[in-house]
Every structure is written in structure tokens, then in C-alpha cells.
Amino acid sequence: MRLLELVVFIYLQSFLIFSFSGGLKSCSLLYSKKMEVKNAFDSERFIYESFRNACEGRGFGSFVEWQKVCKDMWELDYIAWTEADTFMEIEKPEKGKLMYGRWTGPYGAGEVYCRVR
């Protein structure tokens, strides 16, 4: 009877260990996916808000500085800015220049518009 109890005990322990390791692997995959999504969100939000701040004259001295900081900080493949009237018609130009920013990188791509005050 002792041998049978030992075999059952070892079998149950092995089953629990394999189940536990599978659960840990799933948790690890979920965590890495969560961090990927968080980095993408943080990247987009920072670039977007810092461009808006640059338009308002806060945070960055120029759009060139914004471009360099964002490119280095988020390891972007491409980042650029221009006046939007170079490629589209602007309805109310008296409200100020409409600026356009665009980027692509490891966390996705995006674009943003804002008026320089």
C-alpha cells in the first residue's frame, strides 16, 4: 500500500508542477503584452502632448528640439513636422499657423495637428 501511495503522490505533485509552470508562462506572456501596450500608449501620448506644448511655446524651445528629443526617447524610425498649409487648404488662417507632426516607430505611427499661438 505504501508504494501505491508514493506513486500517486509523485503523480499528483508532477501534475501540479506542470500546471503551475503553464500558468506562470501564461502570466509572463500577459505581462509582456501589457508592457507592450503600455509603452505604445505612453509613446503616443508623450509625442502628441509634447507637440501640442511646443505649439504653445511650453516645454520645448522649437519643433527641431521636439523632434530630436522624441526620436531619441522613443527610438522612432521617422518623425517630422511642417506647416499644414504646405499640403492642404486651411480654412481660418487668421487664427494662427496650423502645424502638423507625424511619426512612426516601434510602438506604432501617429499624427497630430495644432495651431501655433
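Residues numbered from 1 in each chain as written. Predicted model: local features only at pLDDT ≥ 70, side-chain atom pairs only at ≥ 80, totals over all residues. Heavy atoms only, no water.

## Here we look at the pairing of strand 2 (residues 98–105)
- Within strand 2, six of the eight residues are buried, leaving the element largely enclosed by the surrounding structure.
- Bridge count between strand 1 (residues 78–83) and strand 2: six bridges; the pairing is antiparallel. Counted as the bridge partner of E83 is M99 from strand 2.
- Looking at chain direction, strand 2 and strand 3 (residues 108–115) are connected through eight bridges and run antiparallel. Within the sheet, the bridge partner assigned to W103 lies in strand 3 and is G110. (Buried < 20%, exposed > 50% of the residue type's maximum accessible area, 1.4 Å probe, protein only. Helix = DSSP H or I, 4+ residues; strand = E, 2+ residues; numbered from the N terminus. Pairing = 2+ DSSP bridges.)

## Digging into the side chain of S43
- Mapped onto the fold, S43 is located in helix 1 (residues 2–55).
- Residues within four places of S43 in sequence aside, it is in contact with W74 and Y107. (Contact = heavy atoms within 4.5 Å.)

## What about the packing of helix 1 against helix 2 (residues 63–74)?
- Viewed as axis vectors pointing N to C, helix 1 and helix 2 meet at an angle of 170 degrees, and their least axial separation amounts to 10 Å. Considering their axes alone, helix 1 and helix 2 lie roughly antiparallel with respect to each other. Across the interface between the two elements, N39, D42, S43, F46, I47, S50, F51, A54 and C55 of helix 1 pack against F63, W66, C70, M73 and W74 of helix 2.
- Classifying every residue of the contact of helix 1 with helix 2 gives ten nonpolar, three polar and one charged. (Axes fitted to C-alpha atoms, helices over the stretch in contact; angles between N-to-C directions. Parallel < 35°, antiparallel > 145°, perpendicular 65-115°, else oblique. Nonpolar A, V, L, I, M, F, W, Y, C, P; charged D, E, K, R; others polar.)

## A short note on the packing of aromatic side chains
- Summed over all chains, the structure comprises seven aromatic pairs.
- A centroid spacing of 5.3 Å and a plane angle of 40 degrees characterise the contact between F51 and F63, whose relative ring orientation is tilted. Here F63 lies in helix 2 and F51 lies in helix 1, a separation of twelve residues in the sequence.
- For F51, a relative accessible area of 0% gives the class buried.
- Here Y100 and Y113 contribute two aromatic rings whose centre-to-centre distance is 4.9 Å and whose plane-to-plane angle is 45 degrees, an arrangement assigned as tilted. Separated by 13 residues along the polypeptide, Y100 in strand 2 and Y113 in strand 3 bring together distant segments of the chain.
- A relative accessible area of 12% means that Y100 is categorised as buried. (Phe/Tyr/Trp six-rings, centres within 6.5 Å; stacked < 30°, edge-to-face > 60°.)

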